[in-house]
Structure formats: C-alpha cells, structure tokens
Amino acid sequence: MDGRDGMRAADADREAVAERLRAALGEGRLDLHEYDERVQNAYAARTYADLDALLVDLPPVAPAERSAVVPASLPAEPPSVVGGHHPVAGGVTARWLAEVWLPYLQVIGIVVAVWGVTSMLSGELLYFWPAWVAGPWGAVLAVRTVTGLAGGEPRRRAIERERRRERKRLKRERRRELRAGEPDERDDPSPAS
C-alpha cells in the first residue's frame, strides 16, 4: 500500500476524485469554498497519496447509490475547471462581467438619451449632467471588476450557479422517483370505505 501512495496519479484518477467531490457537494458534505479548493488540489495532485488526502474525511459511495446521486448527464467538468485549467476570459468571466456592467450600461444609455432629447428640444447643448451618474458609478464598478477578477469571483459565481442547478435537478429526480413509487389511486380496485 505504501508503494501505491508514492505512485503518480493519472488524469482518470484525478477525474474520479473530482467526481466524488461533486457528489459530496451535492450531498451537502462540503461547502462551496471547500469543494472549489479540493477540486483545484485534485487537478494539481501528482500522487495517489495527494488524491487520497482529499477524500479521507468523506464516506465512500456505493455503486447503486452513485448511479442515483451522480447520473451520467452531469458535465464532465465543473464550470470552474475545464480540462484541468481555469477558463480564459471565456464564458464564465464574460457572463460575470455582463452581470456587473450591463445594468450600468443600460442606465447610462437611458440617461444620455434623456440628456440628448432635452438638449435637442432646448435647441442648444445643455450641461452634460449624465457624467455625474456615469463617473462615480463607473469608478465603483471598475474597482469591483478588478477586485472580483483578482479574487476569482466569476469562478465562484459559476460554481454557485452550477450547484443550485444541480440541487434543482436532484430535487426533480427525487420527486419523479417518489411519484413513480406511489401507487395511483385510480389503479386501486378496492372501493373506498
């Protein structure tokens, strides 16, 4: 067994550990921060000992339980990790940036349009007051963008979103299983007393 701990792990081994960590997240055994940290460590692991350390406090998953909890329809990778690497300004970061900046851009567009219409109706260019809306709000958003990107907020948001999606999917599956297990009253031939 000691020889195995020092052996180098393969990508398939890292995938299996990441899959188990996803199941533990769905079961509520890990919180989002610990899950993210462990998945990153799983993909960075070199040996079996490194991988085993990530699962030491989690119970094993039985094969029958595994098929019910972790169906084949799950994505191969969580949104935080794609092929062992974090996404490069791709979908996750772009979506987060849109969530942060889109309301600002919409409001500034409306405010500038109001300024433009009032300037046109008055027949002269009025004082550009939309700068008082755009400037401070834009500065706050710029700071938030820099700190958010530096702190990995887009990835955390994507993991949270995926976690909520997975919980909803598991709830729907459980409801379907419960409904499938309940006898239908119309099928019962005995009359009600």
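Calculation criteria
One numbering rule holds for all chains: residues counted from 1, following each sequence as written. Only residues with pLDDT of at least 70 get local features here, since the model is predicted, and only at 80 or more are side-chain atom pairs given and counted; chain-wide, interface and lining totals rely on the full set of residues. Just so you know, side-chain values use all the structure's heavy atoms and leave hydrogens and water out. Secondary structure follows DSSP: runs of H or I at least 4 residues long count as helices, runs of E at least 2 residues long count as strands, and numbering of each begins at the N terminus. Only protein chains enter the accessibility calculation, which uses a 1.4 Å probe. A residue is then buried if its area is under 20% of the maximum for its type, exposed if over 50%, and partly exposed in between. Working rule for contacts: check all heavy atoms of both residues, and any pair within 4.5 Å makes them a contact. Residue-level confidence of the predictor is what pLDDT reports, using numbers from 0 through 100. Should a side-chain nitrogen of Lys or Arg be within 4 Å of a carboxyl oxygen of Asp or Glu, the pair is scored as a salt bridge. Axis lines are fitted through C-alpha atoms, for helices just across the contact stretch, and the angle between N-to-C directions can take any value from 0 to 180 degrees. Note that the term roughly parallel is reserved for angles under 35 degrees, roughly antiparallel for angles over 145, roughly perpendicular for angles of 65 to 115, and oblique for everything else. Throughout this entry, Asp, Glu, Lys and Arg are counted as charged residues, while Ala, Val, Leu, Ile, Met, Phe, Trp, Tyr, Cys and Pro are counted as nonpolar. The remaining residues, Gly among them, count as polar. Residues forming no salt bridge and having over 30% relative accessible area are the ones grouped into patches, like charges within 9 Å of each other and nonpolar side chains (Val, Leu, Ile, Met, Phe, Trp, Tyr) within 5 Å. Here, Shrake-Rupley sampling with a 1.4 Å probe gives the accessible areas, and only protein chains in the shown set may cover a residue. To qualify as a nonpolar core, a set must consist of buried Ala, Val, Leu, Ile, Met, Phe, Trp, Tyr and Cys residues joined through side-chain atoms within 4.5 Å. Within this scheme the basic residues Lys and Arg register as positive and the acidic residues Asp and Glu register as negative, but His and the chain ends are omitted. Planes of paired rings set the category: under 30 degrees apart is stacked, over 60 is edge-to-face and the rest tilted, where pairs are Phe, Tyr or Trp rings (Trp by its six-membered ring) whose centres lie within 6.5 Å. Taken from the helix axis, the directions to the C-beta atoms give the arc we talk about.

### Quick look at the environment of Ser-119
Then, in step 1: Assignment of secondary structure puts Ser-119 in helix H6 (residues 91-122).
Then, in step 2: The class of Ser-119 is buried, set by a relative accessible area of 5%.
Then, in step 3: Residue contacts for Ser-119: discarding those within four places in its chain leaves Glu-124, Leu-125 and Leu-126.

### Let's talk about the confidence of the model for the protein chain
Then, in step 1: Looking at the protein chain as a whole, the pLDDT averages 80, with 78% of positions reaching at least 70.
Then, in step 2: When the criterion is pLDDT under 50, residues 63-89 qualifies, and its contacts beyond four places in sequence or with other chains add up to 48 contacts.

### Some points on the pattern of salt bridges
Two side chains carrying opposite charge are able to pair once their charged atoms lie near each other.
Then, in step 1: By the definition in use, this model includes 16 salt bridges.
Then, in step 2: Salt-bridge contacts for Glu-27 lead to Arg-29; the nearest nitrogen and oxygen are separated by 2.6 Å.
Then, in step 3: A salt bridge links Arg-157 to Glu-99; the shortest N-O distance between them is 3.1 Å. Of this pair, Arg-157 sits in helix H8 (residues 153-181) while Glu-99 sits in helix H6, and the two are 58 residues apart along the sequence.
Then, in step 4: Salt bridges sharing partners connect three or more residues here, namely Arg-95, Glu-99, Arg-144, Glu-153, Arg-157 and Arg-161.

### Looking at the packing of helix H2 (residues 11-27) against helix H4 (residues 48-55)
Then, in step 1: Relative to each other, H2 and H4 sit at 5°, their axes nearing to 10 Å. With respect to each other, H2 and H4 are oriented roughly parallel. In contact with Asp-13, Arg-14, Val-17, Arg-20 and Leu-21 of H2, H4 contributes Tyr-48, Leu-51, Leu-54 and Leu-55.
Then, in step 2: The residue makeup of the contact of H2 with H4, split by class, is six nonpolar, no polar and three charged.

### Overview of a nonpolar patch on the surface
Then, in step 1: Taken together, the side chains of Val-107, Ile-110, Val-114, Tyr-127, Trp-129, Trp-132, Val-133 and Trp-137 make up a nonpolar region of the molecular surface, amounting to roughly 790 Å² of accessible area.
Then, in step 2: At the level of secondary structure, the elements contributing two or more residues to the nonpolar patch comprise H6 and helix H7 (130-151).
Then, in step 3: With respect to the secondary-structure elements, Val-133 resides in helix H7.

### Some thoughts on the nonpolar core
Then, in step 1: Counting 17 residues, the largest nonpolar core has Val-17, Leu-21, Leu-30, Tyr-35, Ala-42 and Leu-51 as the members making the most contacts within it.
Then, in step 2: With residues up to four places along the chain from it excluded, the contact list for Leu-21 reads Leu-30, Tyr-35, Arg-38, Val-39, Ala-42, Leu-54, Leu-55 and Leu-58.
Then, in step 3: Counting residues in each nonpolar core, the second largest holds six residues, with Trp-96, Val-100, Tyr-104 and Ile-108 among its members.

### Quick look at the side chain of Arg-163
Then, in step 1: Mapped onto the elements of the fold, Arg-163 is located in helix H8.
Then, in step 2: Here Arg-163 occupies a buried position and makes no salt bridge, while the nearest side chain of opposite charge, Asp-31, is found at 6.5 Å.
Then, in step 3: Not counting residues up to four positions away in its chain, the partners in contact with Arg-163 are Leu-25, Leu-30, Asp-31 and Leu-32.

### Quick look at the packing of aromatic side chains
Then, in step 1: This model, assessed by the stated rule, comprises three aromatic pairs.
Then, in step 2: Considering the side-chain rings of Trp-115 and Phe-128, the 4.8 Å spacing of their centres and the 85° angle between planes classify their relative orientation as edge-to-face. In this pair, Trp-115 is assigned in helix H6 and Phe-128 in the loop between H6 and H7, connecting sequence segments 13 residues apart.
Then, in step 3: With a relative accessible area of 15%, Trp-115 lands in the buried category.

### Looking at the packing of H6 against H8
Then, in step 1: Running from N to C, H6 and H8 cross one another at 95°; their axes reach a closest spacing of 9 Å. Taken together, the axes of H6 and H8 are roughly perpendicular relative to one another. The segment H6 lies against H8, with Val-92, Thr-93, Arg-95, Trp-96 and Glu-99 engaging Glu-153, Pro-154, Arg-155, Arg-157, Ala-158, Arg-161 and Arg-165.
Then, in step 2: When grouped by side-chain class, the residues that make up the contact of H6 with H8 number four nonpolar, one polar and seven charged.

### Here's the deal with H4
Then, in step 1: Residues of H4 that are buried: Tyr-48, Leu-51 and Leu-54. Viewed along the axis of H4, the buried residues span an arc of 120°, placing them on a single side of the element.

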